[in-house]
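# Working through the structure, step by step
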Amino acid sequence: MKNRTGLIQWVGNILFMLLIFIFVADPPNTILGLKNYAFILLVLYSAVFFKIEWKKLVYVIIILVSVTVSWIIALMQGEYVDLIALKDLFFSFSPLLLLLWVKQYDVIRLSMLPITLAAIIVLTLFWLIFFFNELEGPIYVYMGMHDDTIMMSNRVFLGIKIFCMYPKSTAAFMPLFGFVLYRTFVGGKGRALCTIITIILLHLFLISGTRSSVMLPVFLVGIIILIYCRNGRYMRYLVYPGVLLFSIAFFALLAMLLMEENEPSNLVKYAHLASYKELFANNPEYIILGQGPCTEFYSAGFRRMTLTTEWTYVELLRNYGLLCLPILYVILSPLFKLLRLSSKHEPAFAIAMSYVIYLLIAGTNPLLFSSTGMLVLLSAFSYAEHNKAEEAEK
C-alpha cells in the first residue's frame, strides 16, 4: 500500500513538473502547444487520486465572481467587451484550480528541474548568438512567429548598448531563485546544487535587459546576505552599513534609469499614465465600478485604443474598480501566510521577499493574470502550506 501511494505521488509530481516546464518554456503556448492538454491531464489525475481541499475553492470563486460581476457592470454601462480576450482571461485563471491539491505538490522543489532546463535553453541561445552573430536573425524571426516567447533586443542603458534576451516567463523564476539563493548562503540539503541553479538564474536575469528583472533579483541577493549575516557577532557592523550603501546606490541607479528621457520604454510608460489620468478624470465612476475587463481605452503611449498596458495595478483599478480589492486579497494571501510562517521558519521570509519582488516586476509587466503568474501564486501557496505542516509536526 505504501509503495502504491509513493508511485501515485511520483506520477503526480512528474505531471506537475511537465506542466511547469510547458508554462515557463512556452508561455504563449505557440511552440509546443501542449499547455491545455498537460493542465487537464494533471487536474484529472489529481482529482482521481488525491483528496480535494475544498477550502481552497474560495480563492477560485473570489476571482471568478469578481471578473464576472465586473463584466456584467461593463455591459450595463454600455461598454464594448472583447469576448475573445475575456475567454482568454478566464482561461488564464484556470491553473488556480490546482490550489485544491496544493498540499500534495511542493511546487518550488518540483520547479527546480523544469525552470533550470528552460533557463539553460535560453542561455544556450544567448551565447550561440553572442559567438555566432549570423544566428540572431533566424532566431529572432522564429521567436516573432511564435508570439515572442523569448523577446530579443539591443537596448541602451546609461549610454551602453547591450544585447538582451527576455523570456516572457522570467518573473516566474523568482520563487525558485529565492529558495536556492537562501540555500546557497545559509546552507542545507543540496547546497551545491542550489548554488549552481542560483548562478544559472542570476545569469538569466542579467541578460533579460529589463530594469526590474535585472535590478530586483540583485536586491534580493542583498536581502539574503543580510539574513545570513545578521546573527554574526561582528559581521553586523560591516553588513548593516554595507546594506545601507548598497541600497542608496541601488535606488540612485534605479532613479537614473527611470528618468532617462530618451529611453523608449520610459516614454511609452509615462504616456500611458497621462492617459489613465485623463480617463479617470473624465469617468470618475470607473474608480468605483471599473470600466470592465477586456474593455478598450485610448492610450497616448501606443497612440491607439488598447485592451491593456504594462501598468498592471492601474489596469486592475480601471477594469474592476473596487472589485479589484477581492482580487488583490487572493494575490496577497500567500504573502501574508509566508510572513506569518517566517517567525518560525526563516526560509519562508526569503520566499516572501521573492514573491514581493515578483509582484513589483508584475506591476510594470502584464504578467499577473497569466499561466506564469498563476504558477508563482501556486508556488507561494504551496511553500506556505507544506512548511506550515512541517512546523506543526515538530
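Here, the structure is the one placed above.
Counting restarts for each chain: residues are numbered from 1 in the order of the written sequence. Two thresholds apply to this predicted model, a pLDDT of at least 70 for residue-level local features and 80 or more for giving and counting side-chain atom pairs, whereas whole-chain, interface and lining totals are computed over all residues. Neither water nor hydrogens contribute to the side-chain values; these are computed over all heavy atoms in the structure.

## Observations concerning the packing of helix α3 (residues 57–76) against helix α4 (residues 83–93)
Put simply, the rule reads: Angles here are taken between N-to-C directions and fall from 0 to 180 degrees, while the axes themselves are lines fitted to C-alpha atoms, restricted in helices to the stretch in contact. A run of DSSP states H or I qualifies as a helix once it reaches four residues; a run of E qualifies as a strand once it reaches two. Both are numbered from the N-terminal end. With respect to orientation, any angle under 35 degrees is reported as roughly parallel, any angle over 145 as roughly antiparallel, any angle of 65 to 115 as roughly perpendicular, and every other angle as oblique. By definition, turning the near helix anticlockwise from the far helix through less than a right angle yields a left-handed crossing, and turning it clockwise yields a right-handed one. We call two residues contacting when some pair of their heavy atoms lies within 4.5 Å. Following the grouping adopted for this structure description, the nonpolar residues are Ala, Val, Leu, Ile, Met, Phe, Trp, Tyr, Cys and Pro, the charged ones are Asp, Glu, Lys and Arg, and the polar ones are all others, Gly among them.
In contact at an axis separation of 11 Å, α3 and α4 are set at 170 degrees when each is read in the N-to-C sense. It follows that α3 is roughly antiparallel to α4 by the angle criterion. Both α3 and α4 take part in a crossing whose hand is right-handed. Here Ile 63, Leu 64, Val 67, Thr 68 and Trp 71 of α3 lie close against α4, whose contacting residues are Leu 83, Leu 86, Leu 89, Phe 90 and Phe 93. Of the residues contributing to the contact of α3 with α4, the split by class is nine nonpolar, one polar and no charged.

## Overview of the packing of helix α14 (residues 312–320) against helix α15 (residues 324–341)
Running from amino to carboxyl end, α14 crosses α15 at an angle of 140 degrees, the nearest separation of the two axes being 9 Å. Relative to α15, α14 is oriented oblique. For the pair α14 and α15, the contacting residues are Tyr 313, Leu 316 and Tyr 320 in the first and Cys 324, Ile 327 and Leu 328 in the second. A per-class count over the contact of α14 with α15 returns six nonpolar, no polar and no charged.

## With respect to the pattern of salt bridges
The criterion, for reference: Every case where a carboxyl oxygen of Asp or Glu lies within 4 Å of a side-chain nitrogen of Lys or Arg is listed as a salt bridge. Burial status follows relative accessibility: with a 1.4 Å probe on protein chains alone, a residue under 20% of its type maximum counts as buried, one over 50% as exposed, and anything between as partly exposed.
Applying the stated rule across the entire model yields seven salt bridges. In this structure, Lys 56 and Glu 53 form a salt bridge, with 3.0 Å as the shortest nitrogen-oxygen distance. Note on Glu 53: relative accessible area 13%, which makes it buried. Between Asp 106 and Arg 109 there is a salt bridge, with the nearest N and O atoms lying 2.7 Å from each other. Looking at Asp 106, the relative accessible area reads 14%, which means it is buried. Judged by relative accessible area, Arg 109 falls into the partly exposed class, the value being 34%.

## Observations regarding the side chain of Gln 291
So the rule is basically this: Within 3.5 Å is the distance limit for a polar contact, defined as a pair of N or O atoms, with the added protein rule that one can donate a hydrogen and the other accept it, and that residues adjacent in sequence qualify only through two side-chain atoms.
Checked against the element boundaries, Gln 291 lands in the loop between α13 (285–289) and β3 (297–299). Among the polar contacts made by the side chain of Gln 291, one reaches the side chain of Glu 79 at a distance of 3.5 Å.

## Description of α4
Here is the rule: By arc we mean the arc of the directions from the helix axis to the C-beta atoms, nothing more.
Within the span of α4, buried status applies to Ala 85, Leu 86, Leu 89, Ser 92 and Phe 93. Burial along α4 is one-sided: seen end-on, the buried residues are contained in an arc of 115 degrees. Turned more than 90 degrees off the buried face of α4, the exposed positions are Leu 83, Ile 84 and Phe 91. A side-chain oxygen of the first residue of α4 lies 3.1 Å from the backbone nitrogen of Ile 84; this N-cap is Asp 82.

## Points about the environment of Trp 71
Take Trp 71: it is sitting in helix α3. Residue class for Trp 71 comes out partly exposed when judged on its relative accessible area of 26%. Separated by 220 residues in sequence, Trp 71 and Gln 291 place their C-alpha atoms 8.8 Å apart. Setting aside chain neighbours within four positions, we find Trp 71 in contact with Val 81, Leu 83, Leu 86 and Pro 293.

## Structural notes on the side chain of Asp 106
Its place among the elements puts Asp 106 in the loop between α4 and α5 (107–110). Contact partners of Asp 106, with chain neighbours within four places excluded, come to Ser 382 and His 386.

## Thoughts on the environment of Glu 315
On the secondary structure map, Glu 315 appears in helix α14. For Glu 315, a relative accessible area of 4% gives the class buried. Distance in space between the C-alpha atoms of Glu 315 and Pro 293 is 9.1 Å, their sequence separation being 22 residues. There is a polar contact of 3.4 Å between the side chain of Glu 315 and the side chain of Thr 308. Here the side chain of Glu 315 touches Arg 318 through a polar contact of 2.8 Å, side chain to side chain.

## Side note on α3
Put simply, the test is: Expected helix span is given by 1.5 Å per residue-to-residue step, counting one fewer step than there are residues.
Its 20 residues give α3 an end-to-end C-alpha distance of 28 Å, which sits within 8% of 28 Å, the value for a rise of 1.5 Å per residue. Within the span of α3, buried status applies to Tyr 59, Val 60, Ile 62, Ile 63, Ser 66, Val 67, Ser 70, Ile 73 and Ala 74. One or two residues past the end of α3 sits Gly 78, with phi positive at roughly 80 degrees.

## Overview of unusual backbone geometry
Phi is positive for Asn 29, which is not a glycine, with a value near 65 degrees. Along the polypeptide, Asn 29 turns up in the loop between α1 (2–25) and α2 (35–49). Positive phi, normally seen in glycine, also occurs at Asp 148, with a value near 50 degrees. The exposure class assigned to Asp 148 is partly exposed, which follows from its relative accessible area of 31%.

## Structural notes on the packing of aromatic side chains
Heads up, the condition is: Any Phe, Tyr or Trp ring, taking Trp's six-membered ring, that has another such ring centre within 6.5 Å forms a pair; planes under 30 degrees apart are called stacked, those over 60 apart edge-to-face, and the others tilted.
Summed over all chains, the structure comprises 16 aromatic pairs. Ring centres of Phe 126 and Trp 127 lie 5.2 Å apart, and the angle between their planes is 90 degrees; on these two criteria the pair is classed as edge-to-face. The buried category is assigned to Phe 126, whose relative accessible area is 8%. Pairing Trp 127 with Phe 130 gives two aromatic rings, centres 5.0 Å apart and planes at 70 degrees, and the pair type is edge-to-face. Of this pair, Trp 127 and Phe 130 both sit in helix α6 (residues 112–131), separated by three residues, roughly a single helical turn. Taking the relative accessible area as the measure of exposure, Trp 127 reaches 32% and is therefore partly exposed. Since its relative accessible area comes to 49%, Phe 130 is described here as partly exposed. An aromatic cluster is defined as three or more aromatic residues linked by ring pairs; in this entry it consists of Phe 16, Tyr 45, Phe 49, Phe 50 and Tyr 105.

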